Amino acid sequence: MMKAIFVTGTGTGVGKTVVGGALCSYLSLKKGLKVGVMKPVETGWDPKNSDAMTLKVLSGSEDPIEEIVPYRFDLPVAPLVAARSEKKDIDLGVLDEVYKKLLSRHDLVIVESAGGILVPIKEGFFFLDLVKRWNVPVLVVSENRLGTINHTLLTCHYLILKNVPVLGVILNNKEEELDISAQSNASVLEEFLPVPFLGSFPYLGKVKIWDLREKLAEFFESSIRHKLLPL
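Every value quoted in this text rests on a predicted model; they were computed, and no experiment measured them. The residue numbers shown here count from 1 along each chain, following its written sequence. Local features in a predicted model are, by the rule used here, given only for residues with pLDDT of at least 70; side-chain atom pairs are given and counted only at 80 or more, and totals for whole chains, interfaces and linings are based on all residues. To get the side-chain values, all heavy atoms of the structure are used, and hydrogens and water are removed first.

(A) Spotlight on the pattern of salt bridges. One speaks of a salt bridge when a side-chain nitrogen belonging to Lys or Arg is within 4 Å of a carboxyl oxygen belonging to Asp or Glu. In total, this model carries 12 salt bridges according to the counting rule given. Note that aspartate 51 is salt-bridged to lysine 39, the shortest N-O span being 3.0 Å. With aspartate 51 in helix H2 (residues 51-59) and lysine 39 in the loop between strand S2 (35-38) and strand S3 (41-42), the pair connects residues that are 12 residues apart, well separated along the chain. Exposure classes here rest on a 1.4 Å probe applied to the protein chains alone. A residue is buried below 20% of its type maximum, exposed above 50%, and partly exposed in between. Its relative accessible area of 26% is what places aspartate 51 among the partly exposed residues. Owing to a relative accessible area of 3%, lysine 39 belongs among the buried residues under this scheme. For the salt bridge of lysine 88 with glutamate 86, the shortest nitrogen-to-oxygen distance reads 3.3 Å. Residue lysine 88 is classed as partly exposed on the basis of its relative accessible area of 48%. Owing to a relative accessible area of 26%, glutamate 86 belongs among the partly exposed residues under this scheme. Among the ionic contacts, a cluster of salt bridges with common partners joins Asp63, Glu67, Lys101 and Arg105. A run of H or I in DSSP becomes a helix once it reaches four residues, and a run of E becomes a strand once it reaches two; helices and strands are each numbered from the N terminus.

Spelled out as structure tokens, the structure:
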């Protein structure tokens, strides 16, 4: 069984935390696993409304937030830029230590990137390099909108080119009304993706997902081809 899954996106704001949180809810509530979560770096940090805290709540993790998200920066920009703005350096050794600690405590750890796979963490080091450093398979989340076919195929082909195992793609619906592009994206992706298309995650509306742990688990179980994930 895998010990970790790395959730990345085709860009920023595509729904990684919603889908990753739903996966955490499903694994903990439906599969009975002890799930750990990690957001190595979070920018635009707001302790009352953060991706890391959302993952903590939805996974049921009891780990301190300082371990779940070791590096927190105020500016909502790439980690490299945010760290430079505060004259700090992101220490990969610190990330390694926290990651290993979380692995030792949990059946499975869900790690979420900040933005896409080629967002820089520090000079010459991207989230792609972190994935390869930790040798963890990737789950790709893409937003169901115009342009997602190109972004999703590019992301998946690049990961494969770099010999990174890709578990599959989940398409996230952020709008209630689907335009002509959004209506056809799933079928086109399923036709052309070099990795499994795992399904479309439903539109949730303007809700605080912290309160939807059970419902998110049910959504994941019913909407996503979870049996294709080697869990």
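(B) Quick look at the packing of aromatic side chains. Centres within 6.5 Å are what make two rings of Phe, Tyr or Trp a pair, Trp counting through its six-membered ring; a difference in plane orientation under 30 degrees is then read as stacked, over 60 as edge-to-face, and the rest as tilted. Scanning all chains against the criterion turns up five aromatic pairs. An angle of 55° between the planes, with centres 6.3 Å apart, marks the rings of phenylalanine 6 and phenylalanine 127 as tilted. Here phenylalanine 6, found in strand S1 (residues 4-9), pairs with phenylalanine 127, found in helix H6 (residues 127-134); they are 121 residues apart in sequence, far enough to count as distant. Each member of the pair, phenylalanine 6 as well as phenylalanine 127, is classed as buried. Judged by centre distance (6.2 Å) and plane angle (85°), the ring pair of phenylalanine 201 and phenylalanine 219 falls under edge-to-face. A residue pair is termed long-range when its members are at least 10 positions apart, and phenylalanine 201 in strand S10 (residues 197-201) and phenylalanine 219 in helix H9 (residues 213-223) qualify at 18 residues.

(C) Geometry of the pairing of strand S5 (residues 108-116). Among the nine residues that make up S5, nine are buried, leaving the element largely enclosed by the rest of the structure. One ladder, built from five bridges, connects S1 with S5; its direction is parallel. Bridge pairing in S5 places glycine 9 opposite glycine 116. Here, any two strands with at least 2 DSSP bridges between them count as paired. Taken together, the four bridges between S2 and S5 define a ladder with parallel strand orientation. Bridge assignment links methionine 38 to a residue of S5, and that residue is valine 111.

(D) Region of interest: the sheet that holds S10. Within the open sheet, the six strands sit side by side as S2-S5-S1-S8-S9-S10. Their pairing is parallel. Looking at the sheet topology across the chains shown, the edges are occupied by S2 and S10. Sheet twist, expressed as the mean angle between neighbouring strand axes with direction ignored, is 25°. Contact between two residues is taken to exist if any of their heavy atoms lie within 4.5 Å; hydrogens are not considered. Here an axis means a line fitted to C-alpha atoms, over the contact stretch when the element is a helix, while the angle between two N-to-C directions is reported on a 0 to 180 degree scale. The strands touched by helix H1 (residues 16-30) are S1, S2, S5, strand S8 (138-143), strand S9 (166-172) and S10; relative to S5, the strand with the most contacts, the crossing angle is about 175°. Lying over the sheet, H9 contacts S9 and S10, oriented at roughly 135° with respect to S10.

(E) Region of the structure containing the packing of H1 against H2. Direction vectors running N to C along H1 and H2 enclose 20°, while the axes themselves pass 8 Å from each other. When the axes of H1 and H2 are compared, the pair comes out roughly parallel. As for the relative orientation of H1 and H2, their crossing is right-handed in sense. Facing Thr17, Gly20, Gly21, Cys24, Ser25 and Ser28 of H1, the residues of H2 in contact are Asp51, Thr54, Leu55, Leu58 and Ser59. Of the residues in the contact of H1 with H2, the class split is three nonpolar, seven polar and one charged. Any angle from 65 to 115 degrees is called roughly perpendicular, while one under 35 is roughly parallel, one over 145 is roughly antiparallel, and all others are oblique. Each crossing gets its hand from how the near helix is turned against the far one by less than a right angle, where anticlockwise is left-handed and clockwise is right-handed. Three categories are distinguished: nonpolar for Ala, Val, Leu, Ile, Met, Phe, Trp, Tyr, Cys and Pro, charged for Asp, Glu, Lys and Arg, and polar for the others, with Gly belonging to the last.

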